[in-house]
Amino acid sequence: MAKARKQQKNEEQQKAAGVTDESAGTTGGGEAVVRHQKLCLSIDMDKRRIYGYTELQVVVPDNGIVGLHADNLVIERVTVNGEVAEFEVFPHYLHLDNDNRWCSVSSASSAADAAGSVYLSSIDRELVPNLLIMCASKDVQSVDEHQHGQENSDNGLQSSGEFKQNSKLIHIDYWVDKAETGIHFNKDVLHTDNQTRRACCWFPCMDDDLQCCCYDLEFTVANNLVAASTGSLLYQVLNEDDPTRKTYVYRVDVPVSARWISLVVAPFEIISDNNCCLLSYMCMPNNLSRLRNSVAVFHRTFSYYEDYLGTSFPFGSYTQVFIAPEMAISSSTVGASMSIFSSKILFDEKVIDQTMETRIKLAYALARQWFGVYITAASPNDDWLLDGLAWFLTDSFIKQFLGNNEARYRRYKANCAVCKSDDSAATALCCSLSCKDIYRTKCIGFIGKLRSWKSVAVLQMLEKQMGPESFRKILQRIVIRARDATHSSRSLSSKEFRQFANKVGNLERPFLKEFFPRWIESYGCPMLKMGFSYSKRKNIIELAVMRGFTAMPDTSTEPTYGKAESENREGGWPGMMSIRVHELDGMYDHPILPMAGETGQLLEIQCHSKLAAKRFQRPKKGAKPDGSDDNNEAPPSVDIRSNNDSPLLWIRADPEMEYLAEIDFNQPVQMWINQLEKDKDVVAQAQAIATLEMLPQLPFSVVNALNGILTDSKAFWRIRVEVAFALANTASEETDWAGLQYLLKFYKSRRFDANIGLPKANDFRDYPEYFVLKAIPHAIAMVRSSDNKSPREAVEFILQLLKYNDNNGNPFYDVFWLASLVQSIGELEFGQQNIIFLSSLLKRIDRLLQFDRIMPSYNGVLTISCIRTLTQIAIKLNGFIPFDRVFELIKQFRSPDTMWEVRIEATRALLDLEFQCNGIDVALMQFISYLGEESSLKVRIPHNHCTEFILVQLSMLSNF
C-alpha cells in the first residue's frame, strides 16, 4: 500500500508541474524551454564514477515548476539563480504493478503477454520527466543575463527581448556511480549511447527530440586518456590542483537535442585527415594501422556530400571514434559532429571482403549528420523522411564511388525485399497507428531495415518523377533553410517536403495528393501480372495486365484505419509505368500502363520493326557446322527472336525502377535468354536469372546461357555470382548435371594447374574474379541429387580445395576464402555415397580451429565459420554425431578471454543445439543463464524491462 500511495503522489506532482504522458512527449516537461546547457564532469575510471554539475538556462513556465529527465542519477543539490531550490525525484523503474501481471502466467504465450505489458508500461513511464524543480515566482530577475544573452545571440537562438521572459539559471550538482545504461565503463574505456531516453542516464536534461539548445562541455579525465565529445574542441589543459588529470573543453554552437550529446573516454590514438582539416579519427593503439587504411579515402565522401548539397558541413568538425565491438551498443552510433563505430568494421590492406561495407557504413553515418542530427524530424511520424534522405544521400555515394551497377543492384534487391514483406501497418511510413504498433522499435531488426529500404525507395520514386537535378535542388533548399538563422526550426515534416516537391520539383498537386497517402500513409505495394501476344497482321503487341496488392486487409484495424486503407487499394497508385520493347530495329519505351485502373486491363503497343524488312543470311558453301567461315572473321548473324513470326527480342516492365512494385512478366524462354545475354542492365539480368532458374523444365539453351554469363569477365560480378547459384539450382539428372559440370569446369580453368590437376596458390588481385570464385564452392555445395543428397563429386571437390589451399605469395588474407569453404561444408547433405568423406572434412575443420586459435584470423571469421558449420552438421546428422561432444567442443569458446565475435557465435550455437536436443523451455533457461554470465555490453541487459522484452521474443518461438 505504501508503494501505491507513493505512485499516487508521483502522479499528483507530475500533474502539478503540467507534465502528463501527452504533454511530455511534445513539450519536454510542461512549457519549460532550455535555452543553453553547460555540463562539467569529472570521470573516475577506477571507481566507474562520474560526478560534477550541469547548468541550464531555462524559460520557466507560469506554474514555476521545471520538469527534467534524470534516471539513475544521485542529485545532491539544486540551485535556481544561486538560491537553493526544492526538488523531487521520482524513479521511472518502480515496477509497482508488475507482480500482479505475472500472477496469471501459466504458459509461454501468457508469459509473453505479461512481459510485453510490463515492457510497454516501462517505456511509457520514461516519457514523463521525473526531476521536478520548484523555481521562484516569475518576478525574480535572472542572473548572468548579459552573459547568456550575448552567448545565445551569437548562436542565433533568440533575441535579447526573449530573455525578458521568466528565464532562470538552474544549477544541479550530481553524481553517477557504476551506471549500467546510458553511459558504460569497461576497464579504461567509457562511452555513452544515444538511444531514446538514455541521455538522461548520465546528465539531467530535457531528453526530448523537440528540445534543442547549445552546449558547453567540460570533461576532466586522467592525463593518459582522451575525452572525445560532441562539438568543437576549444582547448585541453592540465589541472593546476592535480597534474595527473586533464580537462577537455568543447562547445556545441549548433542547437541539438540532448540525445545527440556523446562522450567517449579511452587511451586513444588520434589521426588528423591531411586532406580535410575538419576530419579526425580515433581508435585504440592496436587498431591504428587498420584505421589509417579504412579512412584513407573518406575525405572524398565528405567533399562529395558538401558539393552535392551545395553547402559546407553544418558542424565545426567531424570525428569518427572506433571502440571495441563488445563495448559498442551497435555497429554505429551517431552523435552531433561525432560518430562512434565498432572497431570490427576496420580493415587493413590485406582484407578484401570488408572494404565495401565499411565505406558504406561510414558514408551513411556522415549522411545522418545532415539528415537526422542537424535537420530533425518534426514529429515521430516524420522519422521515415530523415532516414530516407540519409539513405538517399548514401545511395548517391554508392553510385558515385562504387559504381552505377552496385547502386542499381542494391536498390533492386532492397525493393524486392520490401514488396515481399510490406504487408502490415508496421511498414506504413507516416502513420500514427503503425508507430504505435511497433512501439518505438521501428529502427530495430528486420522491420527497421524494411522501413529504411521503403523510405529511400519512395524518395527515389519521387526523384524519377521530377528528375535528379530537381530533387537535388530540394535537398539543397532544405539544408539552406536550416542554416538560415531567421528560421525558427531545423525540423522537417512530411507536409513540408510535399510542398517542396510541388514548388521546386514541379510535381502537380493532384499527383502528390495521391502519391503521399498511397506510399507513405499506407502499406503494401502494387502487384502486377503481365502477359502478351503479338499480332502479325496489325504488327502490335496486346499486353494483358492483372492488378493485385501485396498486403491483405487487416480486420483488427478496420474501424480506425482499414476503411481508408481499403479506399487506397481500390484507387490504385498514381503515375504511368513504362513498357520497354526491344525489337529488331532497336529499343522503344512506351509509358502507357496506368498504375491505377481496373483489376484486369488489355493494352495495345505498336511495334516499329517490320518482318519484311529483315532478311537473314543463309549459310555459305563450305561454312563450318557452327556457322563460321574460314574466310570471314566476323561472327555470323544470329536470329535471337522468340520465333520467326515476331520482331520482338524481349520486353521489360518498369525498366528504370520508377515504381516499388512486384512484377510478374510472362514471356517466352528465348526472350528471357535474350534479356540475360543482350541487356547490359544488371537489374534486367537479375530478373532474367531469377525467372530462368525457376522454370519447371530446363532446356540446355538456358544452362548454356547461364554459363555464358558466368565465364564473361565483363559481366558485373554480382550477376555472375547469381548465375553460379542458378547453375547449381539447375543441376540435376534431367540436365545430365550440366550446371555442376559448368561450375567445376569454370573454377578449374581459373584456379587449377592443368599439368598436375591440383589447385594453384591463391591470387586475389582480381577483385571481381575473387568474389565469383569464392561463391562457386558454396554454390556447388547446394547441388542435390534425386535423393536430396549432395553428389559425391561435389563433396570431393570441396575437400580437395580445403586440403590444397595455399596462400603463399598472395598479398591478401585468405581467411574469408577459407571461411566460405568451411561454410560450404555446412550446406552439404551427406548420404551413403559421400559419408566416407565426413571424417576428413571434420579433421580439416578441427585443424583450422587449432590454427586460428594460435594465429587469430580477422575478427575471428574462420573460427566463427567452423563453429557454425559444426553446429549445422550436428543438427543434420543428429544421432550419428553425439551432441555432447560437439557441445563440449564449442563450449570452450565461451571463455571470457575469447574474442567477442567468437564468443557470441559460440553462445548462439549452444542455444541452437540445446533447442534441438531438449526443446524451447530448456533453451530459454539456458539463455537466461548465459545472460547472467555474459560481461559484454551488447549481451548484458541492464534493466528488467529490456530482459522482459527479450523474453517476449524468445517465448514466441514456442508457437513454431
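Residues numbered from 1 in each chain as written. Predicted model: local features only at pLDDT ≥ 70, side-chain atom pairs only at ≥ 80, totals over all residues. Heavy atoms only, no water.

Enquirer: Would you take a moment to explain the overall build of the chain for this structure?
Expert: Helix and strand counts for the chain stand at 30 helices and 31 strands. For the chain, the exposed area adds up to about 43,400 Å²; of that, 50% sits on carbon and sulfur atoms. (Helix = DSSP H or I, 4+ residues; strand = E, 2+ residues; numbered from the N terminus. Areas by Shrake-Rupley, 256 points an atom, 1.4 Å probe, with all protein chains shown as cover.)

Enquirer: How should the side chain of S785 be read in this particular structure?
Expert: Its place among the elements puts S785 in the loop between α22 (767-781) and α23 (792-803). For S785, a relative accessible area of 18% puts it in the buried group. With residues up to four places along the chain from it excluded, the contact list for S785 reads E733 and W737. (Buried < 20%, exposed > 50% of the residue type's maximum accessible area, 1.4 Å probe, protein only. Contact = heavy atoms within 4.5 Å.)

Enquirer: Looking at this structure, how should I read the nonpolar core?
Expert: Nonpolar side chains tend to gather and get buried jointly when the protein is soluble and globular. Ranked by internal contacts, the top residues of the largest apolar core, which has 273 residues, are I133, I172, W202, F203, F371, F497 and M530. When near neighbours in sequence (up to four residues on either side) are disregarded, F203 contacts Q37, L39, H69, L73, Y174, Y215, A258 and I261. (Core = buried A, V, L, I, M, F, W, Y, C linked by side-chain atoms within 4.5 Å.)

Enquirer: Would you take a moment to explain the packing of helix α19 (residues 700-710) against helix α21 (residues 738-751) for this structure?
Expert: Each pair of packed helices can be described by the angle between their axes along with the distance between the axes. The geometry of α19 relative to α21 is characterised by a closest axis approach of 10 Å and an angle of 20 degrees between their N-to-C directions. With respect to α21, the element α19 is oriented roughly parallel. The two elements α19 and α21 cross, and the hand of that crossing is right-handed. Across from F700, V703, N704, N707 and L710 in α19, the residues of α21 making contact are A738, G739, Y742, L743 and F746. Its residues placed into classes, the contact of α19 with α21 shows seven nonpolar, three polar and no charged. (Axes fitted to C-alpha atoms, helices over the stretch in contact; angles between N-to-C directions. Parallel < 35°, antiparallel > 145°, perpendicular 65-115°, else oblique. Left-handed = near helix turned anticlockwise from the far one by under 90°. Nonpolar A, V, L, I, M, F, W, Y, C, P; charged D, E, K, R; others polar.)

Enquirer: Please clarify how the packing of helix α27 (residues 883-891) against helix α28 (residues 900-918) should be interpreted in this entry.
Expert: Running from amino to carboxyl end, α27 crosses α28 at an angle of 160 degrees, the nearest separation of the two axes being 9 Å. Judged by the inter-axis angle, α27 sits roughly antiparallel to α28. Between α27 and α28 lies a crossing of left-handed hand. Each of F883, V886, F887, I890 and K891 in α27 lies in contact with α28, whose residues at this interface are A906, A909, L910, L913, E914, Q916 and C917. By residue class, the composition of the contact of α27 with α28 is nine nonpolar, one polar and two charged.

Enquirer: How should empty space enclosed by the protein be read in this particular structure?
Expert: Gaps left between atoms are located by rolling a probe of water-molecule size over the structure's atoms. Here the structure, examined in full by the defined rule, presents two cavities of 30 Å³ or more. Size it by volume and the largest cavity reaches roughly 60 Å³. Secondary-structure elements contributing two or more residues to the lining of the largest cavity are β1 (33-44) and β11 (213-222). Considered class by class, the residues forming the lining of the largest cavity number seven nonpolar, three polar and no charged. By volume, the second largest cavity amounts to about 40 Å³. Forming the boundary of the second largest cavity are Y747, R751, P759, K760, N762, L801, Y804, N805, D806 and W817. Across the lining of the second largest cavity, the residue classes break down as five nonpolar, two polar and three charged. (1 Å grid on protein atoms, 1.4 Å probe; cavity = no way out; pocket = protein on both sides within 12 Å on 5 of 7 lines; lining within 4 Å. Points joined across faces, edges and corners; volume = space filled by probe spheres on them.)

Enquirer: Teacher, can you tell me more about helix α17 (residues 669-678) here?
Expert: Taken residue by residue, α17 has M671, W672, I673, N674, Q675 and L676 as its buried positions. Turning to α17, the residues buried within the fold contact β23 (526-535), β28 (648-653), β29 (662-666), α18 (682-692) and α19.

Enquirer: Any chance you could explain the sheet that holds strand β2 (residues 49-59) here in plain terms?
Expert: In space, the eight strands of this open sheet follow the order β5-β4-β8-β2-β1-β11-β14-β13, with mixed pairing throughout. In this open sheet, the two strands that pair with only one neighbour each are β5 (83-84) and β13 (232-238). (Pairing = 2+ DSSP bridges.)

Enquirer: Can you help me understand a nonpolar patch on the surface in this one?
Expert: A cluster of nonpolar side chains, L234, Y235 and V237, forms an exposed patch at the surface whose accessible area comes to about 270 Å². You can see L234 is positioned in strand β13. (Patch = residues over 30% accessible without salt bridge, like charges linked within 9 Å, V, L, I, M, F, W, Y side chains within 5 Å. Salt bridge = Lys/Arg side-chain N within 4 Å of Asp/Glu carboxyl O.)

Enquirer: Looking at this structure, I do not really get the pairing of strand β26 (residues 586-594). What am I missing?
Expert: It is a general feature of regular strands that their side chains alternate between the two faces of the sheet. As paired strands, strand β25 (residues 576-583) and β26 are joined by eight bridges and run antiparallel to one another. Pairing of I579 across the sheet is with H590, part of β26. In sequence, β25 turns back onto β26 through a hairpin of two residues.

Enquirer: How should I be thinking about the packing of aromatic side chains in this particular structure?
Expert: Ring pairs (aromatic) are described by centroid distance and by the angle formed between their planes. Under the criterion given, the structure shown has 35 aromatic pairs. Ring centres of W202 and F203 lie 4.8 Å apart, and the angle between their planes is 80 degrees; on these two criteria the pair is classed as edge-to-face. Look at W202 and you get buried, because its relative accessible area is 0%. Positioned above the aromatic ring of W260 is the side chain of R259, whose terminal nitrogen or guanidinium carbon lies 4.4 Å from the ring centre. Between the NZ or CZ atom of R894 and the centre of the ring of Y930, over which it lies, the distance is 4.0 Å. (Phe/Tyr/Trp six-rings, centres within 6.5 Å; stacked < 30°, edge-to-face > 60°. Lys NZ or Arg CZ within 6 Å of the ring centre and 35° of its normal.)

Enquirer: Explanation requested: the pattern of salt bridges in the structure shown.
Expert: Pairs may arise between side chains of opposite charge once their charged atoms sit close together. Tallying each qualifying case throughout the model produces 24 salt bridges. R472 serves as the salt-bridge partner of D307, at 3.9 Å between the closest nitrogen and oxygen. On the criterion of sequence distance, the pair formed by D307 in helix α7 (residues 298-309) and R472 in helix α13 (residues 468-483) is long-range, its members being 165 residues apart. Classification of D307 by relative accessible area gives exposed; the value is 53%. A salt bridge links R652 to D681, with the shortest nitrogen-to-oxygen separation between them at 3.1 Å. Taken together, the residues R652 in strand β28 and D681 in the loop between α17 and α18 connect sequence positions 29 residues apart. In this pair, the class of R652 matches that of D681, namely buried. Here the salt bridges do not stand alone but share partners, grouping R408, R580, D589, R652, E656, D679 and D681 into one network.

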